[in-house]
Number of protein chains: 2
Amino acid sequence: MKIAGFDIGGANTDLAVIDFEKGEIKNIEVDFAYLPMWSNNDDLSHVLIELIENICHLSEIDAVGISMTAELVDAYDTKKEGVLDVVKKCEEAFSCPIAYVGIDGMMTKSEIEKNPLKAAAANWIATAQIATLISDNCIFIDTGSTTTDIIPIKEGRECAIGKSDFDRSATGELVYTGTLRTNLASFLDKVELNGKSYRVASELFAQTADVYMVLDLIDEKDYICDTFDGEGKSKLDCAKRIARVVCADLEMLSMDDVTEMCEYIHQKQVEQIAGGLKQVCETQGLNLIVTTGLGKDILDKKAAELLGLEVKSMGDILTDDECTVAPAVGTAVMMEKFLN
Amino acid sequence: MKIAGFDIGGANTDLAVIDFEKGEIKNIEVDFAYLPMWSNNDDLSHVLIELIENICHLSEIDAVGISMTAELVDAYDTKKEGVLDVVKKCEEAFSCPIAYVGIDGMMTKSEIEKNPLKAAAANWIATAQIATLISDNCIFIDTGSTTTDIIPIKEGRECAIGKSDFDRSATGELVYTGTLRTNLASFLDKVELNGKSYRVASELFAQTADVYMVLDLIDEKDYICDTFDGEGKSKLDCAKRIARVVCADLEMLSMDDVTEMCEYIHQKQVEQIAGGLKQVCETQGLNLIVTTGLGKDILDKKAAELLGLEVKSMGDILTDDECTVAPAVGTAVMMEKFLN
């Protein structure tokens, strides 16, 4: 049985195609596409099909599972409108069985139509499936391109207190910060450089992908989103954007200066994530952390270590590429269980 | 003598046309245009002429003074490139005498070509001219659409420690926050609502203009920049964008909830500005504040009061519309002095 799991985010759509044999995972193939849903959501059906066809023939797919967070983008007036539009476009794309990840488990199209909000931003429910393969009692942390999910698991079941993104932003279970697309101005008040403290410019000048390029923590192939200024993704291009965050340029700052700024910025983002992690740990009394996602080593491991917590990685059972799309992998796993 | 003073910012270009008689101001007329220089700088010459022609015939203008901050936009690789491009476009627009505000006073085109950075972000030098008409020893504070200048004046002369935007962001003399265009995510880590503390979404969801519309502190005619989602500027449209900042929508939050959020956000922006003001006050030992700009009553007065400082307003000698374009008024005043 070959099942496709999609995680349709605001900016990225991730896919895992999993071959199951008697309920066991035999093979996983993954891919992703940058699809800004605030402007290009009309391309969704097409992108879903194209992603599958990069891996196998569409007719080989027995079923499709979908999780989403794209309903929050500002192309939609309400989340309800967003969920229903995503569902409509998924149903248009496929003729095989489809179901959707909801906060209480998989949902059919007709179930979603009765209660759309249950399928809003529930992709972390899918990731929790994978985390339980590592430990039945842990907190898994998944830092993607844009957001960080911090989900407690007890006795093999997720036990998050917040069920919507709104609630989870209060409980620490959602920290809206990521490895690529996060505007530096959003988590920095000031940047320290050469012993001085500089306020940052509130503009769309540079994002976290620029910082991790300069620090050699990601490659240009990881930098899948658009740059803020429409220029290139080389270290020099990234450094130019980062200098602008303190109203400077590369005639005023050296590459060493920019690197010093980046180390400071990196630490501040680790602390931001550690803030959410600490809140969840204290609420739940859990202290084993399972990391996944693009930021698992760059950010999540460091945040856990900052708090003196024990750390394991989904990398023990998945490849790095699979960890990056863990919610899509989890969605395919949930779909297989739903069918059987 | 009729002199045009322009303040060419990243997003807005402001104009003051002043009639002088024997060095005295006889009449002031002002206007402004939203011109996003990161994308539309090719329109600059055209917009400059059009702004003047809304007030008088171009041939009536005896001279033009220019101040700028637009060189920082990411259409330019370096500030130097930005300054020289703005100068080129100004020279193309006018055949009368032109000079530019620099940190040491007015500069001609050929002087700027030798040292372009002296004309970068020097518009606050022009505003200082106006502040001295209120007091020879004060700190003037000008919160515009995007940024806040906090400039100390002693014995009738500005005595700012930082001379570039970069230096001023460390001294507190520039706080990159404003009344209209500031992304809420840039100065908020969390928002308090109904006794809970919600982390904010690092996206381009809502800006300060949305908050001040909901609080009835600005009118739709003041909201001159684009909305982040391309939708309307009504209070309802603004509230919808603000709800999204905590991953919610107007089916989850009431207008009362959004208003409560806005009051909290307003207070946080006052505190952000007060942070810069406190730093400048302590450095300079000055405690009379002179406010101007669109945010003079909404933000600056409240920031000064929070710190227990004495407050006067440029509104005592200028109209509110003139206060909003104070750097343009100051630029025309400097140009008149330069010619005589």
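The numbering scheme is per chain: residues are counted from 1 as the chain's sequence reads. Chain letters start at A and ligand numbers start at 1, both assigned in the order the entries are written. pLDDT decides what is reported in this predicted model: residues at 70 or higher carry local features, side-chain atom pairs at 80 or more are listed and counted, and totals for whole chains, interfaces and linings draw on all residues regardless. Side-chain measures were taken over the full set of non-hydrogen atoms in the model, leaving aside hydrogen atoms and water.

Engineer: In this structure, what is going on with the pattern of salt bridges? I would like to understand it.
Structural biologist: The salt bridge definition used is simple: a Lys or Arg side-chain nitrogen within 4 Å of an Asp or Glu carboxyl oxygen. Here the structure, examined in full by the defined rule, presents 46 salt bridges over all chains. Residues K80 of chain B and E251 of chain A are paired through a salt bridge, measuring 4.0 Å at the closest nitrogen-oxygen approach. Taken as a pair, K80 of chain B in helix α3 (residues 79–93) and E251 of chain A in the loop between α9 (235–245) and α10 (255–284) lie in two separate chains rather than in one. Its relative accessible area of 46% is what places E251 of chain A among the partly exposed residues. Of the charged contacts in the structure, one is a salt bridge between D19 of chain B and K2 of chain B, with a shortest N-O distance of 3.0 Å. Of this pair, D19 of chain B sits in strand β2 (residues 12–21) while K2 of chain B sits in strand β1 (residues 2–8), placing them 17 residues apart in sequence. Each helix is a run of DSSP H or I of at least 4 residues and each strand a run of E of at least 2, with the numbering of both proceeding from the N terminus. Note on classification: 1.4 Å probe, protein chains only; a residue is buried when its accessible area is under 20% of the maximum for its type, exposed when over 50%, partly exposed between these limits.

Engineer: Help me out: how do you make sense of the packing of aromatic side chains in this one?
Structural biologist: Each aromatic ring pair is specified by the distance between its two centres and by the angle formed by the two planes. Only the six-membered ring of Trp is used, alongside the rings of Phe and Tyr, when aromatic pairs are assigned; centres must lie within 6.5 Å, and planes under 30 degrees apart are stacked while those over 60 apart are edge-to-face, with the rest tilted. Summed over the entire model, instances satisfying the criterion amount to four aromatic pairs over all chains. Between Y198 of chain A and F166 of chain B the ring centres are 4.3 Å apart and the planes differ by 5 degrees, which places this aromatic pair in the stacked class. Highlighted residues: Y198 of chain A in strand β12 (residues 196–199) and F166 of chain B in helix α6 (residues 165–171), drawn from two different chains. A ring is scored as having a charge over it whenever the NZ atom of a lysine or the CZ atom of an arginine sits within 6 Å of its centre and within 35 degrees of its normal. In this structure, R244 of chain B packs its charged tip against the face of F205 of chain B, placed 6.0 Å from the ring centre.

Engineer: What's the story with the interface of chain B and chain A in this structure? I'm lost.
Structural biologist: Buried accessible area, meaning the area lost when the parts come together, often serves as the stated size of an interface. Every contact between the two is made by 51 residues of chain B and, on the other side, 51 residues of chain A. On inspection of chain B and its partner chain A, the count reaches six salt bridges. In protein, a polar contact requires one atom able to donate a hydrogen and another able to accept it; more generally it is a pair of N or O atoms within 3.5 Å, and residues adjacent in sequence count only if both atoms are side-chain atoms. Viewed at the interface, chain A and chain B are joined by 18 residue pairs in polar contact (both at pLDDT 80 or more). At the level of elements, α3, α6, β10 (174–175), α7 (184–187), β12 (196–199), α9 (235–244) and α10 (255–284) of chain B are the ones that each hand at least two residues to the side of chain B that touches chain A. The element that contributes the greatest number of residues to the side of chain B that touches chain A is α6 of chain B, accounting for five residues. Lys, Arg, Asp and Glu make up the charged group, whereas Ala, Val, Leu, Ile, Met, Phe, Trp, Tyr, Cys and Pro make up the nonpolar group; the residues left over, Gly among them, are polar. Of the residues assigned to the side of chain B that touches chain A, the class counts are 22 nonpolar, 14 polar and 15 charged. Any pair of residues with heavy atoms lying within 4.5 Å of one another is described as a contacting pair.

Engineer: When you look at the sheet that holds β1 of chain B in this model, what are you seeing that I'm missing?
Structural biologist: Remark on secondary structure: sheet strands pair via backbone hydrogen bonds, oriented parallel or antiparallel. All names here are of chain B. Overall, mixed pairing links the six strands, which are arranged β3-β2-β1-β4-β5-β6 in an open sheet. Strand pairing shows two members of the sheet lacking a second neighbour, β3 (24–34) and β6 (105–107), which therefore form its edges. Shown here is a sheet whose adjacent strand axes are inclined to one another by a mean of 25 degrees, direction ignored. Bridging between β1 and strand β4 (residues 63–68) involves six bridges; their strand directions are parallel. Paired with F6 across the two strands is I66, which belongs to β4. Orientation is described by axes fitted as lines to C-alpha atoms, over the contacting stretch for helices, and by angles from 0 to 180 degrees between their N-to-C directions. Lying on the sheet, helix α2 (residues 44–53) is in contact with β1, β2 and β3; it crosses β1 at an angle near 135 degrees. Following DSSP output, two strands are said to pair if at least two bridges run between them.

Just distances and angles here, no functional claims.
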